[in-house]
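This is what each chain is made of:
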Amino acid sequence: MSSPLSDPLGVIGGGSDAGAEVVPHTLSAPVVRPVHTAALVNSLSGSLDYTAAQSSSYASLSVAPIALGVSAGSSAIGASFASSQLGLPLFGRSSSPSAPVESALRLSSTLDLPSLPATASPLPLAQALALALALAPASAPSFSLPPSASPIVAGGPSTPLLAAERVLLHEALVIDTSNSHASRNCALYVTNHRIILESHAQPELSAHVLNVIAVSRVRRAHVERSRVRQHGGQPLEIQISLICRMGARPALRIEASESLVNRLYELIRFLRTQCTVPHSFACEYAAALQGSGDEGWGVYDYGAEFHRQGLLNPLSCWRVCESNRNYTLCPSYPPSLVVPKAISDQAVAASAAFRSSRRFPALCWKDPCSFASITRAGQPLVGIKGQRSREDEALLSALLDTNPESETLAIIDCRPRLNAEANMINGKGYENAANYPRTALRFMDIQNIHVMRDSMRRLLGALEAREEGAGEWLKDLAASGWLEHVQAVLRGSRAVVDHIAEHRSVLVHCSDGWDRTSQITALAQLQLDPYYRTLRGFAVLVEKEWLSFGHCFAQRYGSHVHSAHQSDGSPSNPPAPVPEDQQSPVFVQFVDAVWHLTLSFPRAFEFSQLFLAKVLEHVFSGRYGTFLLDTHAARHQNGLPQRTRSLWSDLLDAPAERGLVNPWYAPVQGTLPLSASDLSGCALEVFKAYYCRGPWAVDPRDVRAMAEESLSRSPCAARGGSSWD
């Protein structure tokens, strides 16, 4: 079964190419070269489906995952990667140049290799690639991987390479057409991590750089014959556009020869192969930087944060629960959690058994000025029969008892009520007021991951460059529903903030409590606590509410890096792509909402818009271990703190010099007064600086101008800032 090399938030193979005639093509015979080696590989298999058109078209990147592991049986290696290096045809074309017929080609040739023992260790990506290329016939063009210490291509780009980064492909001349008003001659470099495009005129000043695994869409079109240029005896007749995840505009658009396009396409496909942690670029990168130090993994210290919130005070109504230190109580929770002091570990375990995914109520944040608090959980397992748990009811009662200033515990259910009721059919649901006295339940009408995924797809479609007028754009934007969803998330967080302002404690949950719950609790704390509005504080907030509490980053963003171990410590199954129906832009939507807060309060946040964009960039880059895998347990079982670098180590290092600091930052104590007008439809905007970024990343020199623009448009600035300065 092939797996799509795609971001499900960007349609691949659809559009005008849907329903295109498929012309099958089969290699007449496999290319075989004898191999006598004890290489620890059993199979490298690949297949390619590519639909090309004379007009603009999408490339359907269908990839059978290359197994970088070993199993018993005969070995095979797909010819799809080697084909571009062996001079084999890759893209079919219509037999009649004038006929508007699309064609497609599927390569599925295999090579026999000796059987290998099932206990052999998997190969690193570079060695596996070297093995694949070693099978090329002697007459094929040379393309080999030397030792990792040496670059593959003589010379290199002016753009500094990262540690462990090696150039795999270099083309001296391609035409950069990213700017529709002026093209430029460029050199193209593809490394094992990035694609680098450098202008011949100013290579060090005007380079376009994008991460290979962030590429989600590929468009291919023929250049008009009157504009085709020649290089090295080959016509630069193909225009290829690369679009990155969560991007509506091409991050790279070049005109090149068809053979180069084939090789570039295959390298992208190959470098996105599913792999386990030990064979990821994040591990290679960290290994090459050994001795440089990495303090980012310690940016969130449980004890320090508990102390900052005053929870370790002997007079506190709270205690630290260590029952999950081995991740057996709740696999998706961190090892140390805070619960009411009146509740025993046995009661906590019983509550976990009654909550979805065993996610029992645990403290997120306590108000330093009152007894009010924010806790989070999964939905209760009440079902249509109205099941009960005395221990779970007692835990919620204890939550209320920690706050003598309030007579009720507010329960914020992030879902629409209809969705919550539908979940009762599956044995889940929501709290019945008859069984949970002194509680007040409120539904926030935030839609699920499937609705958000479709909304993002529609938003990116609306933001694509077009010739239609503003009317069509506004119509498509409204149809996407994205701004309404962001508004619902902000309103949900504001509901929590309002309860805290009234000294009322809040319990937040959705279904499992790791998507919408993380959005609401994190945004509420961002408004309530000025510490989280600092650079370091924001890193702590993301680590605490998203990473330690088990937001499924690998699932939601279709990561190609997988755990090498199952939950019981045994070796994992061969890596497989994440199903599309499990992917959704939940964290991206959270950052979008944070960006809206920075527009409303442009002085209140220490970090700049560029900082937010950098965080999102590295959700997809695969350079750091921060966003790899789904849970705190999986990251530690795979040794990510020891084997990879943390994103925060780099972002918190000299941030002002790189434009990551807001030049107008003025610390604001207390809660941000987010008003109803700040949440109105007319106040919400599209985060175009991110979604429409194309090849133009924000220059650090532009950060001040962006901050000044936000300041001039801010409602607070219009009020003279008196409400919060």
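Up top you'll find the structure we're talking about.
Residues numbered from 1 in each chain as written. Predicted model: local features only at pLDDT ≥ 70, side-chain atom pairs only at ≥ 80, totals over all residues. Heavy atoms only, no water.

A. Broad picture of the overall build of the protein chain. Along the protein chain, the regular secondary structure elements total 22 helices and 26 strands. Here the protein chain holds 725 residues, and the buried ones make up 57% of them. In the protein chain, once contacts between residues fewer than 6 apart in sequence are set aside, the share between residues at least 24 apart is 75%. (Helix = DSSP H or I, 4+ residues; strand = E, 2+ residues; numbered from the N terminus. Buried < 20%, exposed > 50% of the residue type's maximum accessible area, 1.4 Å probe, protein only. Contact = heavy atoms within 4.5 Å.)

B. Inspection of the side chain of histidine 208 at higher detail. As for its placement among the helices and strands, histidine 208 is situated in strand β12 (residues 208-211). A polar side-chain atom of histidine 208 sits 3.5 Å from a polar atom in the side chain of arginine 184. (Polar contact = N/O pair within 3.5 Å; in protein donor to acceptor, adjacent residues only side chain to side chain.)

C. Examining the state of the cysteines more closely. Evaluated as defined, the whole model comprises 0 disulfides. Unpaired in this structure, cysteine 510 has its nearest cysteine sulfur neighbour in cysteine 414, at a distance of 5.3 Å. (Disulfide = S-S within 2.5 Å.)

D. Summary view of the environment of glycine 378. Tracing the backbone shows glycine 378 in the loop between β22 (373-377) and α7 (390-401). For glycine 378, a relative accessible area of 0% corresponds to the buried category. Once the C-alpha coordinates of glycine 378 and arginine 359 are considered, the two residues, 19 residues apart in sequence, prove to be 5.0 Å apart. Not counting residues up to four positions away in its chain, the partners in contact with glycine 378 are Arg355, Ser356, Arg359, His509, Ser511, Asp512 and Gly513.

E. Broad picture of the packing of helix α12 (residues 516-528) against helix α13 (residues 535-548). At a closest axis distance of 10 Å, the pairing of α12 and α13 adopts a crossing angle of 150°. Classified by the angle their axes make, α12 and α13 are roughly antiparallel. Crossing of α12 against α13: the hand is right-handed. Side by side, α12 and α13 meet where Ser518, Gln519, Thr521, Ala522, Gln525 and Leu526 of the first sit next to Phe538, Leu541, Lys544, Glu545 and Trp546 of the second. (Axes fitted to C-alpha atoms, helices over the stretch in contact; angles between N-to-C directions. Parallel < 35°, antiparallel > 145°, perpendicular 65-115°, else oblique. Left-handed = near helix turned anticlockwise from the far one by under 90°.)

F. Up close: the sheet that holds strand β25 (residues 506-509). Judged by pairing direction, the sheet is mixed, and its 5 strands sit side by side in the order β21-β22-β25-β23-β24 without closing on themselves. Each having just a single partner strand, β21 (362-366) and β24 (439-443) make up the two edges of the open sheet. Shown here is a sheet whose adjacent strand axes are inclined to one another by a mean of 25°, direction ignored. (Pairing = 2+ DSSP bridges.)

G. Geometry of the packing of α13 against helix α15 (residues 586-600). Packing of α13 against α15 brings their axes to within 13 Å, and their N-to-C directions diverge by 145°. As α13 packs across α15, the resulting crossing turns out to be right-handed. Two secondary-structure elements touch here, α13 through Phe538, Val542 and Trp546 and α15 through Val586, Phe587, Phe590 and Val594. Considering only residue class, the contact of α13 with α15 consists of 7 nonpolar, no polar and no charged. (Nonpolar A, V, L, I, M, F, W, Y, C, P; charged D, E, K, R; others polar.)

H. Structural context of the pattern of salt bridges. Inspection of the entire model under this criterion finds 28 salt bridges. Salt-bridge contacts for arginine 458 lead to aspartate 454; the nearest nitrogen and oxygen are separated by 2.9 Å. With arginine 458 and aspartate 454 both in helix α9 (residues 449-463) and 4 residues apart, this pair spans about one turn of that helix. On the basis of relative accessible area, aspartate 454 is assigned to the partly exposed category, the value being 32%. Among the ionic pairs, glutamate 617 bridges to lysine 614, the shortest N-O distance being 3.5 Å. (Salt bridge = Lys/Arg side-chain N within 4 Å of Asp/Glu carboxyl O.)

I. Summary view of the packing of aromatic side chains. Tallied over the full model, the rule gives 27 aromatic pairs. Their ring planes at 20° and their centres at 5.9 Å tell us that phenylalanine 281 and tyrosine 285 sit as a pair that is stacked. Here phenylalanine 281 pairs with tyrosine 285, and both are found in helix α4 (residues 281-288), just 4 residues apart, close to one helical turn. With relative accessibility at 7%, the residue tyrosine 285 sits in the buried group. Centre to centre, the rings of tryptophan 546 and phenylalanine 587 are 5.1 Å apart; their planes meet at 85°, and the pair counts as edge-to-face. (Phe/Tyr/Trp six-rings, centres within 6.5 Å; stacked < 30°, edge-to-face > 60°.)

J. Quick look at helix α6 (residues 345-353). Within the sequence span of α6, burial applies to Ala347, Val348, Ser351 and Ala352. The buried residues of α6 occupy an angular sector of 145° when projected down its axis, which confines them to one face. Buried residues belonging to α6 abut β19 (318-321), β20 (337-340) and α7. (Arc of directions from axis to C-beta.)

K. The arrangement of the side chain of threonine 439 in detail. Mapping threonine 439 onto the fold places it in strand β24. Within the structure, the side chain of threonine 439 is placed 2.6 Å from the backbone oxygen of tyrosine 436, a separation counted as a polar contact.

L. Representation of the environment of alanine 286 within the structure. For alanine 286, the location among the structural elements is in helix α4. Taking the relative accessible area as the measure of exposure, alanine 286 reaches 11% and is therefore buried. Each residue touching alanine 286, except ones within four places of it in the same chain, is listed here: Arg643, Thr644 and Arg645.

M. Representation of the nonpolar core. Among the nonpolar cores identified, the biggest contains 152 residues, and Ile195, Phe360, Phe587, Phe611 and Tyr691 are the most heavily contacted of them. Setting aside anything within four residues of it in sequence, one finds phenylalanine 611 in contact with Leu535, Phe538, Trp648, Leu651 and Leu660. Among the nonpolar cores identified, the runner-up in size contains 9 residues, and Val277, Leu628, Leu629 and Leu640 belong to it. (Core = buried A, V, L, I, M, F, W, Y, C linked by side-chain atoms within 4.5 Å.)

N. Molecular detail of unusual backbone geometry. A positive phi is found at alanine 164, a non-glycine position, where the angle reads about 70°. Mapped onto the elements of the fold, alanine 164 is located in the loop between α2 (125-134) and β9 (167-176). Of note, the phi angle at arginine 358 is positive, near 60°, even though the residue is not glycine. Among the secondary structure elements, arginine 358 is positioned in the loop between α6 and β21.

O. Structural view of the pairing of strand β11 (residues 194-199). The buried fraction of β11 is high, at 6 of 6 residues. Residues of β11 alternate between two faces, with Arg194, Ile196 and Glu198 on one and Ile195, Leu197 and Ser199 on the opposite face, all of them buried. Relative to β11, strand β10 (residues 184-191) runs antiparallel, the two being bridged by 5 bridges. Following the sheet pairing, valine 190 is matched in β11 by isoleucine 195. Remark: 2 residues form the turn of the hairpin made by β10 and β11, two consecutive strands paired antiparallel. As paired strands, β11 and β12 are joined by 4 bridges and run antiparallel to one another. Bridging across to β12, isoleucine 196 finds its partner in valine 209.

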